[in-house]
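Here are the chains, one letter per residue:
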Amino acid sequence: MSSRPRVYCRIRPLNAKEKAVDGVKECFSANGDNTLEYKKDKDGECVRSKFDAVMGPSSTQEEVYSLLNNEVITSLFTGYNATVFAYGQTGSGKTHTMEGTQSAPGLIPRLIGEIFQQFAERKDITNTSIKVSYVQIYQDQIQDLLQNRKLLDIKLDKSGHYMAQGATWKEIEGTKHAINVYAEATKNRATNSTEMNQLSSRSHALLQFHLEWDEPTAPGSNAKLNLIDLAGSEKVALSGASGETLKEAIAINKSLSSLSNVIKALVSQARDSHKKVHIPYKDSKLTYLLQSSLGGNNLIHFILCLSASVLYRNEGCSTIEFGKRALKVVLKPVKNPIDYKRLEEMERMIELMRAHISELEGKLSQRSVEETTKFPGGSNVDSQFLKMDVIKNTDDALPEDDSAASKHKNEIRNTISDLESQQKAIEDRLQQRQLELQQLDGRTAREKSSLQKGFEEDKRRMDDELRTLRSNVARQRQLLGDAEKKHHKRRSTTSSQSDRLSKKSSAMLQKTNQELNRIYKMLPESLHELTSHCILFPDSKSKFRELGGLKKLLSLIDCKANKGRESYIAHAAYALSIAVDEKGRDEARDMNGIPIVSEVLKRSDEHSKQFACRALESLVRGCSANKQCVSDDVLFQLGDMVGTHPHQQVQESACSSLAEIADGQPQIKDKLLKRGLLHKMINLIRDTPPEVADLIKVGVTVIGRLAQQHVGCQSEIAKLDGISILVKTLFSPVGERDPQLPVLTAYALVNVCCNNKQNMTVLQRHPKYSEIKFKLLEGLGRVFSDSISTENRSSSTASHIIKDDNSSILFSYFGVTYKSEWGTFTAGGRPTYSTFIENPQFMLQVRKDCNLSIVLSDTNCDNGATTVHQGVVSQSFKRLKRKTIYMGIAVFKGDKSLLVDKCLKQLDFNGRFVTSGRYNRNRENTLSLSLKGSPDPYIIIPFTAHAKQHTSYVLGVFADEEIEVTNVPEEGGWIRRVFEGFWSKMTGRGVDNFDWRNADQYRITVSEPTLITVILSYKKIDDFRVRQSLAADDEEVPEDDVANEESKERPHLHGRIFTSTFAPQKRFVRSNVPSPQNTSFVTCNEYLSACTVKTHATLQPGITYVYIPFTEKPIDDDYRMAVYSDQADIEITPLEPRSEWYAFQFAGSWDPTYDSTPAKSPTIFINGTGKVTILGFSKDVYLLLSVYEIVDENWKKSDKKMSDSVKTKKIAACDAFWANECVLETTLPPTKNSYWVTLQGITTKDGEQLPATSGEFHLAVYAEDIGVKCTSPHKLARPPLTDRLNADPTLVGYGIERVGYSGSICSDSDTSSLADEDSDCDLAGPKSSKTLKEELESTKKALLAADTNRDLERKSFLAQLDEKQEQINQIKSQTTTTRVNGPQPPRRGSSLRKGVGVNKAASVRGNGSNAVRTLRSSSSSSPTTVADVDLNEMAAASDNVVKRIMSFSHLERVPSLSEFKKIQEELLSAANRLSSTTKRT
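All values reported here derive from a predicted model rather than from experimental measurement.

1. Side note on the packing of aromatic side chains
Then step 1. According to the stated counting rule, one finds 27 aromatic pairs in the structure shown.
Then step 2. Ring centres 5.9 Å apart and planes at 75° place the aromatic pair Trp-983 and Tyr-1018 in the edge-to-face group. You can see Trp-983 sitting in strand 30 (residues 975-983) and its partner Tyr-1018 sitting in strand 32 (residues 1010-1018), a full 35 residues away along the chain. Residues Trp-983 and Tyr-1018 agree in their burial class; the two are buried.
Then step 3. Cation over ring: Arg-675 sits above Phe-636, and NZ or CZ is 4.2 Å from the ring centre.
Then step 4. In this structure, Lys-1171 packs its charged tip against the face of Phe-1062, placed 5.4 Å from the ring centre.

Below you can see the structure in the form of C-alpha cells.
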C-alpha cells in the first residue's frame, strides 16, 4: 500500500534579539486550519501552504507529542519502521522539539516512555528487547557517540538496509536507563556558539531504537524507530561563523542540500513511475546512511521548525518549500520480516492466519480509532495510518523546482536576465564614453580627432553588440512564451485525458452494476450468468451481497422450502460457492447457511453432493466459527463418500471439504482420526490409478492438513506405512505430467516428519533420502512463499533443528523468503539478453557446505490482481496476464568487492556461472543444488524468459545449513547513460586491418577514480526481444521467420578502451592491441558474442580515455551502448566532425628492390607542421617507421630522390620492429624543409632476418593541420580514402546519447502509449540509422551547395588578389630601377595564387603567401629594409587568410556572410598595407 510522509510545521516564538529588530512582528503565522500564512518578501502577497498540522508559537511539547504519538507507536507495533526528522535553520527549535527540558520533555523521552508502557500493558507480548544506537554525522564523517566518537563506515546489512557498520548497540531496561544513556552520549555531540544560537548543534544526530518482541500470531516481530535531529542550515553572514565553525557550516549546508536533492528526485520518480530517476543518495553520508528510510521503506514524519522573525524570512521560506516537496514523495512501507525460530510458533502462525484472517479483518474493520490506539497490534491499522489524503497547496500548479518543463523555462529566464545585464553594461559603457568625449576641452585638434575616431569605432561596435543582444532577448522571450504555451497545453491535455479515463472507468463500473442488478432480479433463471459474472468481476461479490443475493441463494438451496423447485438446488449451491466473499461467510452463518447446505448432501444425485461439498468448502474457508458449525454427522457423511462413491468428482469435492474443515481444528482432526479417515486416505492414494491424478492430489492434501501440528495423526500415518507411500507418490511418473502433485506431496511430508523425531528417523532410512531432503526444503520454501504472499511483508526468515535422543541433528533448515516484482526497470530477461543485469539480485552467503532449494513463484497468477492506470485497467498488463510467462533462476559467484565493499549491483557474470534451472514452467520454477562454503558471496537472480514482463513474485531459499540472503537494492549506486549509433561497411571494420579506426568513438574523462562497465549490443535484437515479450502467444515471430532478428547471423562485437594522450581532442588512431612498451591499451571485452559484450575498467582522473565499439566484419546495423559508472561526475562525449584528422593513405607491394635500409624502403614525403600519426600495416611482416627532416639544400634543387648521400636529421622513430602493424606519433616542427617517412619491413625464415620482398603494405598519415601535404616518389597505389571527412555521409555517423533517458536499455514500447504527444520527454528514443543517414545525406547536399557558393566567393577574393598582385609588381619594378648599387633581382615568375586551386578546396594544399615569399626571395641579397619587415607581416596575414578559406571546406557548418566579409576585409587591408609600404620604399 502506498503512503506519503507526514509533514508538520512548528513556529518558534520570537526572542529578545528578534523583538528588538522589528518589534513583535511575525512573518509566519498559523490560521488554525492546518494552514501556514506567510509572505515571501516584505511587500509580497500573502501565501498559504497546507500541512498535516501547523503549530503556532504558543504550542506546547505535549501538543507536538500528541500529533505523532498515535501513528508512530501504532506503526512500530504493527511491524513497520518509523522515522522522525526535525528540519529547519539553526536556532529554530529543532533540538528543543526532540529533546526538550526536564520540565517540558520533548519527543525522545516521551516516545521511549510510551514504548515501555506498551510493553508493560500488552499481556500478549513476551520476550521484549530494546537496543539503542546513537551516531552523529560531523563534517561528513560518521561517529559513534556511544563510543567516544569512533569513526564508522556505511555497509549493507543482511536485511538489505544501509547501516553504520560497527556502531555500538546497548540493551536498555527502562525509560530512565534509556534517558541516562542518551544524556551521557549527547555530551559527545559536536556543539558550538554562533551569533544565531548560543548552543548550536554542529552535527546531524541519529538516535535509533531496535525493538523485538513475540506475539502469539507473530513471533520474532521487530521494528526500528529513527529519531533524527538535523543540524540547522545557516547563512555565514548571519551566524558569523569563521575558522572551524565555518568548516562546520559548509559541511552542514552541503549535506542538507544533498537531502533536498534526494527529496526532489523522489518527487520526480513519484510523478512518473515509468521513468527511472537516479536518486543521489551517495552525494553525502547523511543521505547515504538514511537511504533505507528515505527510499520509501519507512513511515516518515518531518517536523519543520521555523523562526517567526523577519530576519530569517528567506531561510523559513526555503524550509517551507522543502516540506511541500516532501508531501509529494510516495512511500511504499512494508512490514519487517518475522524470524521464525521455533517450528511450533511458525505452524501456529500459519494455522491461525489461515483460519482466522477473514474473521479478524471483519471484526477489526469495525473497531473505532480509539480502540485501535488501545490495541495497536491490530492487523487493520494499515487502513488507518498508511492511507493519507493528498495535501494540495495553492502554488502547486507550477512546480518550478521539479518539472522538467519548468526547469527549461527557468533556464530561459536566466538567459534573458544575463542578456539584459550585458545590454545594460554596454549601455553604461557607451554613456561613459560620451561623457569622456564631452570633457575634451584643452586637448589639441589631433587628439580630439583621434579620440573622436576611437569613440565612433567603439560606438559602432557597441551598437552591433546591442542589436545582437536585443535580438537574442527577443528570441529568448519568444522561446519562453512557446514553452509556457506548450506547458499549459500539456497540462490541459493531461487533464482532459484524466477526465476521459475517469468517465470511462465510471461508465464501466455503472455498466457492471446494471448487469448485476439484472442478474439478481432474474434469479433463479440467471444462476449460470451469476457464476460467470462473479468469476469475471470478483469485486461484484460484495455488491451482490449488499443486494441480498446470499439470502436469495440460501432460500433456493433450502430443500424444505423449495418443494417443486428442486432443479435449482444444485445450481444454486454451485453459485453460492463462487459468489460468497469474506464478509458473506459471517452473514451466511447468521442465516443458518451451514445446516441448509448440509441438507443438500442427503440428496441422491451426484451434482447435488458435488456442489454442496464445494459450497461447504467456500463457507468455512478461513472462518473458524463456520467450521465449528459443521456437525459430526456431516463430517462422517463426507468421510463415507471417500473411496466408496462411484463418481470421482464427488470424492474430490468431499476430500477438499474435509481438508478445509479440518485445517487448524484439532478437535475435528481427533474425530476424523477415530473415524478411520487416515486409513481411507492412504488406501485412496495407494489404490487410485495414476491416470486419476486429481483424486491423488486431494488425498495428499487431506493427509497434509490432518498431520499439520497433530502428533496423533502423524503417528497414525507412520503406522499405516504412509511415509513410504508418500515418498513413492513423490517420485511417481504422474508428477512429470502434473507438477502440482510432487509439490503437495512434499508439503505433506513436511507436516508429517519435520517436527516428529520418530517419523524423521523413518524417513532418513529411505534409500532416496538425499533426494527427499531437497524436496522437503522445496516444500518448506513453498509453505513460506504462500505465507508472505497473503501478508503485507517483504520478507521472512525461518530456522529449525530436529535432534534425536543423542543430540545428533536429524534434520535442520534455514530459510529466507522475499516478495518483490519485475517492473519496468527490473525485468531484464534471460542471461542471453544485454539487459540481464537489470534483473533483481539476491546476495547469498554460505559459510558451510550445504544443500539448497530455491523456489520462485508468481503471485499475480491466481489472485486476480490488476494494474490500474488512472482508473482504467492497463491493457499491457491484461495481455501479459493472459500470456505464458516462463520464470527462471540463475546462480553465479558474487564479486565481494562490489556487493559487500561498495554496495553495488553485480554487472559482470562472465566466468562466474554456477548453475541455472530450465525456464520451461509457467509462472513458477524451482532449483535444487549443493554449494560449497565460501567467504565470497553467491548471487541468485530470478528472471523471466523475455524482458519487460511485469509481474510479482516470491523467492524462497531454504538450506540445511545456516545461510544469509540479502536483497541487493535496485538503487545500487550505478549511474547509467545510454548511447546509440550505427555501423556501415566503412565503420564496421574488424581487427584485421587498421580501418577499425573509422568506427564511432567516445571520449571519457573522470574527476576521481571511477569503475565503469560498458555494455554493447545490437539495437535491433534488443528491440525485437521486447516486441516478442509483449506479443500474444499467437503473434510471436517464429524462429525460422525472416523477421526474427535473433535468427540473423551477425559478426562478433568488440568494445575496447584506450588512453588518448598524444591528441586527446582528436580521433584515436593508435594501435588497438596491447604492447609491452608505451601502450595505450586499457581493456577490452572478455569474451566474444554476436549478441552483447561487456567491457570493464577502472578509470583514473587526469587521463583522457576512448571507448571504441566495432565488429569483426563490416556490417550495416544499429548498436546500443549502455555505460554504468559508480560515480556521477563522469563526462562521456561522442566524437564529432571537428575531432577528425586529415587522412592520407597509400598502398603497395613489397618487391626485391626494397631492402631493410631506409633509402630503399617505401617512402612518403610530408610538407607541413603539427601533430601527425603515421601507421604502417603488412601481414606477417615486422615493421619499423622513421621520420627524417631533409636538411640538404641540393636535394631541393634535384629530382627529389632519396639516397644515402642526402643529408637528413632523424625526428622520430619506433623503438623496435613491430609485427604486422606499426604506429608512430610525432609533432612536426615549423620549418621550410620537407619530412621523409620510411617504412622498413623484415621477415624471418629459419631464424634469419630477411628484407620483405612479397605481400602488400599500407601506409596512412593522419594530420592535425589542414595545410599538411603527403606525396610519394614511388609508384604506390593510392586506394580510395577511408577518412571520414571525405566519405559518403550515408556510411559515416556519430553516436547519439539518449538525453534524459535513464531507464531500461530496451525500448519502452509498452509505456510509450501513455506518453503525451506534447511531452518534453522523447520516449521514442533516438532516430534509427536509416533516419540518421537520410539527415546526413541532406546535410551533405547542403554543404556541397554552400561549397559551390564559397568557390564563387573565393574566385572573387582571388581576382582581387590578382589585381593587388599586379599593383605590387608594378611598384616593385619601379622600386628596383631606382635603387642605387643594389643587384638586379632574378626574374622568377610567381603568383599569389600559386598552388591554390579555385575549383576544389581539397586541392588547396599550398601556402597562400607563396607570391609574397617569392617577392622577398627576389631581393634576398639586398639589405633588410622596412619593406622587408612589412612583407613578413603580409606573408603571415596571407597565410592566415588562405588557411581560413580552405578550412571552410572541412567544417561541418556553413560559414556565415559575416565571416566571408571579415576575410575580404583582411585581404584588402593586407593588400593596401603592402601597396603603401612599397610606395614609401
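2. Considering the sheet that holds strand 48 (residues 1296-1297)
Strands in a sheet are paired, the pairing made by backbone hydrogen bonds, and the direction either parallel or antiparallel.
Then step 1. The five strands are arranged 35-32-37-30-48 in an open sheet whose pairing can be described as antiparallel. Strand pairing shows two members of the sheet lacking a second neighbour, strand 35 (1092-1099) and strand 48, which therefore form its edges.
Then step 2. As paired strands, strand 32 and strand 35 are joined by eight bridges and run antiparallel to one another. From the neighbouring strand, Thr-1010 faces strand 35, where its bridge partner is Leu-1099.

3. Details of the packing of helix 2 (residues 61-76) against helix 4 (residues 107-121)
Then step 1. Relative to each other, helix 2 and helix 4 sit at 45°, their axes nearing to 10 Å. As far as their axial angle goes, helix 4 and helix 2 are oblique. Crossing angle aside, the handedness with which helix 2 passes helix 4 is right-handed. Contacts from Gln-61, Glu-62, Val-64, Tyr-65, Leu-68, Asn-69, Val-72, Ile-73 and Leu-76 in helix 2 reach Leu-107, Arg-110, Leu-111, Glu-114, Ile-115 and Gln-118 in helix 4.
Then step 2. Split into classes, the residues belonging to the contact of helix 2 with helix 4 amount to nine nonpolar, three polar and three charged.

4. Remarks on helix 19 (residues 569-579)
Then step 1. Counted residue by residue, helix 19 has nine buried out of 11 residues, so it is predominantly covered.
Then step 2. For helix 19, the set of buried residues is Ile-569, Ala-570, Ala-572, Ala-573, Ala-575, Leu-576, Ser-577, Ile-578 and Ala-579.
Then step 3. In this structure, the buried residues of helix 19 make contact with helix 16 (527-536), helix 17 (540-546), helix 18 (549-557), helix 21 (593-600) and helix 22 (606-620).

5. Some thoughts on the pairing of strand 45 (residues 1248-1251)
Then step 1. Bridge count for strand 44 (residues 1235-1245) against strand 45 is four bridges, and the pairing is antiparallel. Bridged to Ile-1242 within strand 45 is Pro-1251.
Then step 2. Once strand 44 ends, the chain turns through two residues before running back antiparallel as strand 45, passing Asp-1246 with a positive phi of about 55°.

6. Description of the confidence of the model for the protein
Then step 1. Across the protein, pLDDT averages 76, with 70% of residues at or above 70.
Then step 2. Of all the helices and strands in the protein, strand 22 (residues 868-869) carries the lowest mean pLDDT, 30, while strand 31 (residues 1002-1006) carries the highest, 94.
Then step 3. Contacts from residues 1375-1430, a stretch scored under 50 in pLDDT, to residues over four places away or in other chains number 79 contacts.

7. Points about the side chain of Ser-1139
Then step 1. In this fold, Ser-1139 is placed in the loop between strand 38 (1130-1134) and strand 39 (1142-1149).
Then step 2. Exposure remark for Ser-1139: the relative accessible area of 5% places this residue in the buried category.
Then step 3. Contact partners of Ser-1139, with chain neighbours within four places excluded, come to Arg-1003, Gln-1065, Lys-1066 and Arg-1067.

8. Here's the deal with the pattern of salt bridges
Then step 1. This model, assessed by the stated rule, comprises 40 salt bridges.
Then step 2. Among the salt bridges present, the one from Arg-545 reaches Glu-587, with a minimum N-O distance of 3.5 Å. Residue Arg-545 is found in helix 17, and its partner Glu-587 is found in helix 20 (residues 582-590); the two are separated by 42 residues along the sequence.
Then step 3. For Asp-1022, the salt bridge goes to Arg-1120, with nearest N and O atoms at 3.7 Å. Of this pair, Asp-1022 sits in helix 37 (residues 1019-1030) while Arg-1120 sits in strand 37 (residues 1117-1125), placing them 98 residues apart in sequence. The residues Asp-1022 and Arg-1120 share a single accessibility class, namely buried.
Then step 4. Here the salt bridges do not stand alone but share partners, grouping Glu-980, Lys-1019, Asp-1022, Asp-1023 and Arg-1120 into one network.

Quick notes on the rules
- Each chain has its residues counted from 1, following the order in which its sequence is written.
- At least 70 in pLDDT is required for a residue's local features to be given in this predicted model, at least 80 for side-chain atom pairs to be given and counted, and no such filter applies to totals for whole chains, interfaces and linings, which use all residues.
- Calculated side-chain values reflect all of the structure's heavy atoms, with hydrogen atoms and water omitted.
- Pairing of aromatic rings covers Phe, Tyr and Trp, the last through its six-membered ring, and needs centres within 6.5 Å; plane angles under 30 degrees mean stacked, over 60 mean edge-to-face, and all others mean tilted.
- Helical segments are the DSSP runs of H or I of at least four residues, strand segments are the runs of E of at least two, and each set is numbered from the N terminus.
- Using a 1.4 Å probe on the protein chains alone, a residue whose accessible area is under 20% of its type maximum counts as buried, one over 50% counts as exposed, and one in between counts as partly exposed.
- Note on geometry: a ring has a charge over it if NZ (lysine) or CZ (arginine) is within 6 Å of the ring centre and within 35 degrees of the ring normal.
- By this definition, two strands are paired if DSSP reports at least two bridges between them.
- The axes are straight lines fitted to the C-alpha atoms, using for helices just the contacting stretch, and the angles between their N-to-C directions are given from 0 to 180°.
- Note that the term roughly parallel is reserved for angles under 35 degrees, roughly antiparallel for angles over 145, roughly perpendicular for angles of 65 to 115, and oblique for everything else.
- Helix crossings get a hand from a simple test, with the near helix turned counterclockwise from the far one by less than a right angle marking a left-handed crossing and a clockwise turn marking a right-handed one.
- For this analysis, residues touch if any pair of their heavy atoms sits within 4.5 Å.
- Residue classes follow a fixed rule: Ala, Val, Leu, Ile, Met, Phe, Trp, Tyr, Cys and Pro count as nonpolar, while Asp, Glu, Lys and Arg count as charged, and any other residue, Gly among them, counts as polar.
- Scored from 0 to 100, pLDDT records how confident the predictor is in each individual residue.
- The term salt bridge refers to a pairing of a side-chain nitrogen on Lys or Arg with a carboxyl oxygen on Asp or Glu at a separation within 4 Å.

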